[in-house]
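# Notes for the structure review
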Amino acid sequence: MKTDLELFSSIVAELLKDEKEHPVAQHLKAEKMFEIVDLDLSDEPMNEDAFKTSITELVTRTPKTATPAFFNQLFGGRKGKAVLGELLAVMLNNSMYTYKVGGPMIGMEQAILKEVAKMAGYPEDFGGTFAPGGSMSNMMGMIMARDRYHEDIRMQGVTKRMIAYTSAESHYSVPKNAAFTGIGRENVRYVNTDEQGRMLPQHLDQLIQEDLENGHAPFMVNATAGTTVLGSFDPIEEISAVCKKHKLWLHVDGAYGGTVIFSDKYKYLVKGLELSDSFSVNAHKTLGTPLSCSLFFAKDKRFLYDSFSSEASYLYQTDEDDLNPGKTSIQCGRRNDALKFWTLWKAVGTNGLADIVDHEFALADHAREYIRSKPEDYTFYSFDNSIAVCFNYKGISAKKLCTALFEQAELMVGYGSFGDDEFVRLVMVNSENSTEVIDQFFAKLEAFVEERPELFPEAHESANSH
Ligand SMILES: *Cc1c(COP(=O)(O)O)cnc(C)c1O
């Protein structure tokens, strides 16, 4: 083990050096991957030197998500104290189903869940767990909503046409989960949004009325706190009123934006969260813990047990249900996803987590200010109080620009669309970044276009005509 840890340290040292020199990994064409990188497995063992060379190559050819040039996804950066927790979880290799096997790690996980539930305004008898990602957290919400609709469903399956409602801007896991849970993709209704991509409660009410008139069974609404593209927040209070009127379960998908509950300044964006029946939040997006770290909460823990517990005498041999969280999980063996969040939280304090969130909004403000200061070059698509900053530059197709920046190893940034518009989506999910990094992002992008008139004739023609 000791030699392997030394090897680990030396490979990590190479990686950190390489990240400084090449913030974006050299582009590796997918069709050349097996040719260029030594990926094949062999019958014979490898000697240590060749082994190290091979792994180091694999590591350094892998896209870099922790550098200041990575804005491609809703995660990024590397928080040292969180990585430390993750590495320790790997060393300990517990499974988080019983107190017998998890020991104080079970209490550590509960300490996190308790604090976050309190911030969300959930009662003391809430239920909570860590799921393998936001998509799975959303599925837990859907399963509970389905099971609450009628007590026979768990035993007899879905027999009615049950309908779920979500906004047109919500995450694609909602229809996927509808297929998984026996609801069916065609029984997901997409509610219209306003100009900022927020669900329209009146349209929701109208769709529910129509389904009721047609004899269907509306059972849940999925509201989004931080939509994947625009980063907008559905109006939870108004949606909750519609849910109460029709007796529907309300799940709030806060995978992306739910962490605003840590911030006094921005938690108004999830006003009414305490009215929901379940909600989820990812610490691996805006808070920078390593993947995956997804928290799921049910307002009433009895319902969590109803949907997820199964007796297993070979497993649950000691202690109370509260200390055996296997009974509220979709998994059997469950890795310790909580420790990395706990080590981070312990190190920076609750105020430090608030600072992370506030800083990301401040970075977004900085980017918006810059874009708005250059209306002749930039078309701006988003709005204040979102950490996604969406724009186009000099009329260049976002897809073309993002692909070229990636292939030429300059920047990793993605594009998205809303309505008929497609645009670059610059996301502020790496709190290690400073405003200088954001300035460099724009400087790099602009120089990239400037230096390539043959690739971007559209940008250069418009410049000449001025
Ligand atoms: C990222 C995201 C998810 C999915 O979370 P994973 O952890 O990637 O499964 C769900 N909903 C929203 C709004 C998201 O942004």
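Residues numbered from 1 in each chain as written. Predicted model: local features only at pLDDT ≥ 70, side-chain atom pairs only at ≥ 80, totals over all residues. Heavy atoms only, no water.

The next point concerns the overall build of the chain. Each helix and strand in the chain was counted, giving 16 helices and twelve strands. What you see for the chain is a C-alpha radius of gyration of 24 Å, in line with the 23 Å of a compact globule of 466 residues. Principal-axis analysis of the C-alpha atoms gives the chain an extent of 65 × 60 × 45 Å. When the 466 residues of the chain are sorted by exposure, 52% land in the buried category. Taking contacts inside the chain between residues at least 6 apart in sequence as the whole, the part at least 24 apart equals 72%. Roughly 22000 Å² of accessible area belongs to the chain as shown, and the carbon and sulfur atoms make up 52% of that amount. One way to put it: in the chain the 47 positive side-chain charges average out to a point 4 Å from where the 68 negative ones average out. (Helix = DSSP H or I, 4+ residues; strand = E, 2+ residues; numbered from the N terminus. Rg over C-alpha atoms; globule rule 2.2 N^0.38 Å. Buried < 20%, exposed > 50% of the residue type's maximum accessible area, 1.4 Å probe, protein only. Contact = heavy atoms within 4.5 Å. Areas by Shrake-Rupley, 256 points an atom, 1.4 Å probe, with all protein chains shown as cover. Lys, Arg positive; Asp, Glu negative; His and termini not counted. Charge placed at Lys NZ, Arg CZ, Asp CG, Glu CD.)

A separate point is the pairing of strand β2 (residues 127-131). Regular strands place their side chains on alternate faces of the sheet. Counting buried positions along β2 gives five out of five residues, so the element sits mostly inside the fold. Alternating residues of β2 divide into Gly127, Thr129 and Ala131 and Gly128 and Phe130, and every residue in both groups is buried. Where β2 meets strand β8 (residues 294-298), five bridges bridge the pair, whose relative direction is antiparallel. Along β8, the bridge assignment pairs Gly128 with Phe297. (Pairing = 2+ DSSP bridges.)

Let us look at empty space enclosed by the protein. If a probe as big as a water molecule is rolled over the atoms, it shows which places are left empty. Counted according to the given criterion, the structure contains three cavities of 30 Å³ or more. For the largest cavity, the calculated volume is near 90 Å³. Contributing to the lining of the largest cavity are 13 residues, with Gly257, Val260, Thr286, Phe361 and Ile387 lying nearest its centre. The volume enclosed by the second largest cavity comes to roughly 50 Å³. If you go around the second largest cavity, the residues you meet are Leu74, His171, Thr224, Gly226, Thr228, Asp253, Ala255, Tyr256 and Lys285. Split by residue class, the lining of the second largest cavity holds three nonpolar, four polar and two charged. (1 Å grid on protein atoms, 1.4 Å probe; cavity = no way out; pocket = protein on both sides within 12 Å on 5 of 7 lines; lining within 4 Å. Points joined across faces, edges and corners; volume = space filled by probe spheres on them. Nonpolar A, V, L, I, M, F, W, Y, C, P; charged D, E, K, R; others polar.)

Now for the site of the ligand. Within the structure, the ligand sits among 15 residues, and Gly134, Ser135, Asp253, Asn282 and Lys285 are positioned closest to it. The contact in question runs from a nitrogen atom of the ligand to an N or O atom on the side chain of Asp253, over 2.6 Å. Within the side chain of Lys285, a nitrogen or oxygen atom sits 2.8 Å from an oxygen atom of the ligand. Alone, the ligand offers 380 Å² of accessible surface; in the complex the protein occludes 85% of this. With respect to the pocket detection grid, the ligand is positioned in the second largest pocket. A total of three residues in the shell around the ligand trace back to one element, the largest contributor, which is helix α7 (residues 134-149). Partitioning the shell around the ligand into residue classes produces three nonpolar, ten polar and two charged. (Near = heavy atom within 4 Å. Polar contact = N/O pair within 3.5 Å; in protein donor to acceptor, adjacent residues only side chain to side chain. Sits in = over half its atoms within 2 Å of the grid points.)

This brings us to the sheet that holds strand β4 (residues 188-191). Read from one edge of the open sheet, seven strands run β2-β8-β7-β6-β5-β3-β4, paired in mixed fashion. Taken across any chain shown, the strands that pair with only one partner, and hence form the sheet edges, are β2 and β4. The sheet shows a mean angle of 20 degrees between the axes of neighbouring strands, taken without regard to direction. With four bridges connecting them, strand β3 (residues 162-167) and β4 associate as parallel partners. When the sheet's bridge partners are listed, Ala164 is paired in β4 with Val188. Running at roughly 60 degrees to β8, helix α6 (residues 104-119) makes contact with β2, β7 (278-282) and β8 of the sheet. Lying over the sheet, helix α12 (residues 301-308) contacts β2, β6 (249-254) and β8, oriented at roughly 50 degrees with respect to β2. (Axes fitted to C-alpha atoms, helices over the stretch in contact; angles between N-to-C directions.)

Before going further, it helps to spend a moment on the packing of α7 against helix α9 (residues 173-180). For any two helices packed against each other, one specifies the crossing angle of their axes together with the interaxial distance. Running from amino to carboxyl end, α7 crosses α9 at an angle of 50 degrees, the nearest separation of the two axes being 9 Å. Classified by the angle their axes make, α7 and α9 are oblique. Note that α7 runs across α9; the crossing there is right-handed. Residue-level inspection shows Ser135, Met136, Asn138, Met139 and Met142 of α7 in contact with α9, the latter providing Ser173, Val174, Asn177, Ala178 and Phe180. Considering only residue class, the contact of α7 with α9 consists of six nonpolar, four polar and no charged. (Parallel < 35°, antiparallel > 145°, perpendicular 65-115°, else oblique. Left-handed = near helix turned anticlockwise from the far one by under 90°.)

Quick look at the pattern of salt bridges now. Throughout the structure, instances matching the rule amount to 25 salt bridges. Between Lys79 and Glu432 there is a salt bridge, with the nearest N and O atoms lying 2.6 Å from each other. Linking Lys79 in the loop between β1 (70-71) and α4 (80-92) with Glu432 in the loop between β12 (421-427) and α15 (435-450), this pair joins segments that are 353 residues apart in sequence. Judged by relative accessible area, which is 46%, Glu432 ranks as partly exposed. Between Arg372 and Asp384 there is a salt bridge, with its nearest N and O atoms 3.2 Å apart. (Salt bridge = Lys/Arg side-chain N within 4 Å of Asp/Glu carboxyl O.)

Glancing now at unusual backbone geometry. Backbone torsion omega between Leu291 and Ser292 reads -20 degrees, so that peptide bond is classified as cis. Inspection of the secondary structure assignment puts Ser292 in the loop between β7 and β8. A positive phi is found at Asn385, a non-glycine position, where the angle reads about 60 degrees. Looking at the element boundaries, Asn385 is found in the loop between β9 (378-380) and β10 (388-393).

Running from amino to carboxyl end, helix α1 (residues 2-21) crosses helix α3 (residues 48-60) at an angle of 35 degrees, the nearest separation of the two axes being 10 Å. The crossing of α1 and α3 is right-handed. Residue-level contacts link Leu7, Ser10, Ile11, Glu14, Leu15 and Asp18 of α1 to Glu48, Phe51, Lys52, Ile55, Thr56, Val59 and Thr60 of α3. Taken together, the residues that form the contact of α1 with α3 break down as six nonpolar, three polar and four charged.

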